[in-house]
Every structure is written in C-alpha cells, then in structure tokens.
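# Coordinate inspection notes
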Amino acid sequence: GAPSPRVHVRAMSESDSGELGDGGGGFTDERGRYRLDGLAGNSYRIVAVGEDGRAETKLDLADGETAHLDLTLRSVRLLVAVTDGATGKSIAGIPVATAPAGRACSSMMGTSQWGDPGELGFDVSVGSNGCLATQTNAAGVARLVLAVPGSYDLDVGDDRFEPWKQALALVDGTTTRRVALTRKPDRSGDKARVVANLRTDPPGLSGTIWCLAGGDSNSSSPVAGRFDCGPMIPGPGEIWFRVYGYG
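Let me sum up the structure you'll find in this document. Quick caveat: nothing in here was measured; it's all calculated off a predicted structure. (Residues numbered from 1 in each chain as written. Predicted model: local features only at pLDDT ≥ 70, side-chain atom pairs only at ≥ 80, totals over all residues. Heavy atoms only, no water.)

Next up on the list: the overall build of the protein. If you tally the helices and strands in the protein, you get zero helices and 18 strands. Its C-alpha atoms give the protein a radius of gyration of 19 Å, within 12% of the compact-globule value 18 Å for 247 residues. When burial is assessed residue by residue, the protein has 37% of its 247 residues classed as buried. Across the protein, every contact between residues at least 6 apart in sequence was considered, and the portion connecting residues at least 24 apart equals 61%. A total accessible area of about 13,700 Å² is found for the protein, and carbon and sulfur atoms account for 47% of it. (Helix = DSSP H or I, 4+ residues; strand = E, 2+ residues; numbered from the N terminus. Rg over C-alpha atoms; globule rule 2.2 N^0.38 Å. Buried < 20%, exposed > 50% of the residue type's maximum accessible area, 1.4 Å probe, protein only. Contact = heavy atoms within 4.5 Å. Areas by Shrake-Rupley, 256 points an atom, 1.4 Å probe, with all protein chains shown as cover.)

Here is the structure:
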C-alpha cells in the first residue's frame, strides 16, 4: 500500500505474564518510515496508530540487535452504543473491552501527548494479548480501532449492571453494536460511589486516574471525560488525574 505519514509508532515491553511497560515511540515521516532508538533486549508489542487505522505485532529483540519491521494499517472499527435497559437513556463512562477470542487481558496501558495547535499529538492504548479497552463518551458511545479482523470477546459494563458479554466476528470496516444494560437491584449498606468528571484543556485528553479512600486505592488508564471510581469507603478521599506530558 501507499506510505502512511504522521502515524505514531510505539513500543511497549510485554512480559510473559502480560505486564506492559512503555518503551517510547515516534512518528512516521512523509515516506512512512519510522525509527525507534534505545530499546533494550526484550519482548515488545509494537503498535502503530493513524488516521487510516491501526497495526499491532509482537517483536522479540536481543541486546544490540537492529530490527526492521514493516507495519500495515488495518481499519477494523467497533462502535458500541450503551443504554440503560430500563430507561433507554445513554450511559457515559461505561467500560468497554475487547479481547481476541479465548485470550485473557491481564494488563492495559495508555499514553497520550498533545502540543500546540498544528503540532502532532498522539493517544495510544495497548493491552496484553491484543486486548483493547475504552469508556463510553457523554453520548454513551465507545469507539475502538483494532489491528486485526477475527473473533473477539466483547465485555461491557461495570459493577452497577449485570454482566454483558458477547462473541463478535469483526471485519475490515465498521461494526456497530447496541447494548442495553440491566441495572443490578439496589442493596442496603452499599458503599458510597464517586464519579469523577474530568475536564482538560484542550478538552478530551486521556490519562491515568487514581481513586483513594480509607487506605484503599484503584487506578485506571486510559480514561477521559468521566470515570466511575466505584464503591469507596466512607470518609476522606482523594482523586488524582495525570495526563502524560502535562504533569
């Protein structure tokens, strides 16, 4: 195919257990070429994200080795619209995750960076074993761009709703799913829930959030717009949010 300029290519180290680490990245030039320097010997998941789609592959690199890796962008797009089954209203902030059929997703990682208007920026999410996850936006819609067509497991919802899972056969192009979630019955004695509305300048930046209360904490990445911290212990609590490159 034709060269793809302005595509962000990123290397994420991936351990045998699926733990991910950021190895750095860069943009392709006008001829679609890229170069990633300073990678130590390790197993990497190489991800490319651009306007024309996504590419993703594994690379085992030895210390001192120079590898040449060609990537082909594919446009396997999944659009998921989520509503409350009782009211029909769209629900924002609902986790939506995909995994290749039969594979476990043990780790997710996201990184983003945006400069001044007109400068290149990026927002890259990576999961172990080819998994990918996001959250619904204010309109209750989640968008995922995958690198490979095939059979996937789709998981939608959080602990407020009954589990919703479905097997999908995804192809090049856009696949749409409408999901109506069933809310779990109210239970007396539930812990308080905290929902964080995240506002950034420019709007829509994704980052990492930490929810802390009573000595307990949980974190998630990437998130943007709205995040449900879930049940939290009554008393003082803190919400931390960090966007890479912004402090």
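Picking up where we left off.
Below, the discussion takes up the sheet that holds strand 18 (residues 237–242). If you walk across this open sheet you meet the three strands as 16-15-18, and the pairing is antiparallel. The sheet is open, and its two edges are formed by strand 16 (216–223) and strand 18, each paired on a single side. Averaged over all pairs of adjacent strands, the angle between their axes in this sheet comes to 15 degrees, without regard to strand direction. In the sheet, strand 15 (residues 207–213) pairs with strand 18 via six bridges, with the strands oriented antiparallel. Each bridged residue has a counterpart across the sheet, and for Trp-210 the counterpart in strand 18 is Trp-240. (Pairing = 2+ DSSP bridges. Axes fitted to C-alpha atoms, helices over the stretch in contact; angles between N-to-C directions.)

We now examine the layout of surface pockets. Roughly 840 Å³ of internal volume is contained in the second largest pocket. Forming the boundary of the second largest pocket are 29 residues, of which Tyr-34, Arg-35, Ala-67, His-68 and Leu-69 lie nearest the centre. Looking at the lining of the second largest pocket, the elements with two or more residues in it are strand 3 (42–50) and strand 4 (53–61). (1 Å grid on protein atoms, 1.4 Å probe; cavity = no way out; pocket = protein on both sides within 12 Å on 5 of 7 lines; lining within 4 Å. Points joined across faces, edges and corners; volume = space filled by probe spheres on them.)

In this section: unusual backbone geometry. Where the residue is not glycine, phi is negative for most of them; where a peptide bond is considered, it is trans in most cases. In the segment running from Asp-201 into Pro-202, the intervening peptide bond is cis, with an omega of 5 degrees. A cis geometry characterises the amide bond from Ser-221 onward to Pro-222, with omega recorded as -5 degrees.

Geometry only, nothing functional implied.
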